[in-house]
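Residues per chain are reported as follows:
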Amino acid sequence: MKEYTFTIFTSVYNGGGIIERVFQSVASQTYKMFEWIIVDDGSIDNSDSVVQCLIDKYALSDKVRYIRQKNGGKHVSWNTAVKLAKGEVWLPADQDDSFVSNTLEFLNNKINEICGAGFCHSSFSGVNVCCYNPMSGKLIGTPYPQNALVTNNIELDYKYKIRGEHWGCIRTDLLKARPFPMVKGHYYNENFLWYSLAREYSVVCYNEPLRGYYIETNSLTHDKTLRLDYQKARMELHYNWWCIRSVGGRILRYSILGYIKIWLSYIKSILKCILSTIADRVN
């Protein structure tokens with residue numbers, strides 16, 4: 001069996017009070033062939049000192065590369081880390097995440113089952129798994145219709161109607177060729193990556209609950225407010241137009257309603273850009 005090297009990636013923004021659990025998860029891994037890239041995206045709390053202390057506390061200095069940069073958003077931190085990544089397999093781990101101790105071991109085993117030593121030259125982009133509620137232990141989101149399902153993320157969303165949070169690892173070489181657009185803002189829709197890969201590559205899905213999924217009140221990805229934010233609206237507009245042009249036809253193949261919703265989101269993002277611009281001028 002081949003031992004693949006993993007790059008774990010964590011973007012930190014004002015996460016000093018919650019980041020220790022991801023340290024606990026990384027330090028507890030039974031599989032040790034990994035590096036961990038932590039990018040502090042311009043935190044203004046005590047994240048820097050907390051991270052430095054936790055690296056020492058969990059004896060991870062030989063595993064961690066810690067980078068600080070001015071605030072640019074999670075997608076910018078992701079691009080920074082992907083450029084530096086040396087691992088063959090990429091595993092994102094948010095600052096408020098936890099994951100079980102055999103996560104890397106499980107993923108390495110499945111990669112070997114799928115492709116063996118030829119993983120990085122195959123038609124597969126990675127492995128998808130499930131998440132669970134750390135409080136109840138119950139599965140979060142729709143389970144996959146079967147274990148070892150070979151599909152892609154467009155089919156998962158629009159053919160199989162898989163909903164809720166899921167997780168997985170991705171081939172690093174594919175990510176290096178597909179950086180996030182450098183649009184200014186806090187959070188660029190990650191479906192840009194998943195749908196980009198879905199045009200050419202498949203994923204293999206397992207109903208193994210490996211990631212504990214927490215909902216934090218300060219999480220950018222859970223910001224559902226309707227405030228008029230031009231940067232946020234511009235990022236939505238950029239993504240929606242990319243989605244229509246690049247994968248709209250594939251989505252239409254599975255769901256007319258899904259295709260209509262993308263166009264409605266695009267129109268909504270145009271209106272939000274206009275309204276936020278007017279609001280800025282009035283203020």
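Here the structure is a predicted model, which means the values were calculated and not measured.

Engineer: Whenever I open this one, helix H2 (residues 47-57) confuses me. Can you help?
Structural biologist: Residue pairs three or four apart in sequence face the same way in an α-helix, which turns once every 3.6 residues. Where H2 is concerned, the buried positions are Ser47, Val50, Val51, Leu54 and Ile55. In an axial view of H2, the angular spread of the buried residues amounts to 135°, which keeps them on one side of the axis. In H2, the exposed residues that point more than 90 degrees away from the buried face are Cys53, Asp56 and Lys57. Looking at the buried side of H2, the elements it contacts are strand E1 (6-12), helix H1 (20-27), strand E2 (34-41) and strand E3 (64-69). Trailing H2 by a residue or two, Ala59 shows a phi angle of about 50°, which is positive.

Engineer: Help me understand helix H3 (residues 74-84) in this model?
Structural biologist: Most of H3 is tucked away, with 8 of its 11 residues classed as buried. Along H3, the positions that sit buried rather than exposed are Lys74, His75, Val76, Ser77, Trp78, Asn79, Ala81 and Val82.

Engineer: Is there a simple way to explain the packing of aromatic side chains in this structure?
Structural biologist: How two aromatic rings sit relative to each other is set out by the distance from centre to centre and by the angle between their planes. A complete count under the given rule lists 20 aromatic pairs for this structure. An angle of 75° between the planes, with centres 5.7 Å apart, marks the rings of Phe9 and Trp78 as edge-to-face. Of this pair, Phe9 sits in strand E1 while Trp78 sits in helix H3, and the two are 69 residues apart along the sequence. For Phe9, a relative accessible area of 2% translates into the label buried. What makes Trp78 buried here is its relative accessible area of 2%. A centroid spacing of 5.2 Å and a plane angle of 25° characterise the contact between Trp241 and Tyr266, whose relative ring orientation is stacked. Linking Trp241 in helix H8 (residues 230-254) with Tyr266 in helix H9 (residues 256-282), this pair joins segments that are 25 residues apart in sequence. Linked through ring pairs, Phe9, Trp78, Trp90, Phe180, Tyr188, Phe192, Trp194, Tyr239 and Trp242 together constitute an aromatic cluster. The cationic tip of Lys2 hangs over the ring face of Tyr4; the distance from NZ or CZ to the ring centre is 5.0 Å.

Calculation rules
Residues numbered from 1 in each chain as written. Predicted model: local features only at pLDDT ≥ 70, side-chain atom pairs only at ≥ 80, totals over all residues. Heavy atoms only, no water. Buried < 20%, exposed > 50% of the residue type's maximum accessible area, 1.4 Å probe, protein only. Helix = DSSP H or I, 4+ residues; strand = E, 2+ residues; numbered from the N terminus. Arc of directions from axis to C-beta. Contact = heavy atoms within 4.5 Å. Phe/Tyr/Trp six-rings, centres within 6.5 Å; stacked < 30°, edge-to-face > 60°. Lys NZ or Arg CZ within 6 Å of the ring centre and 35° of its normal.

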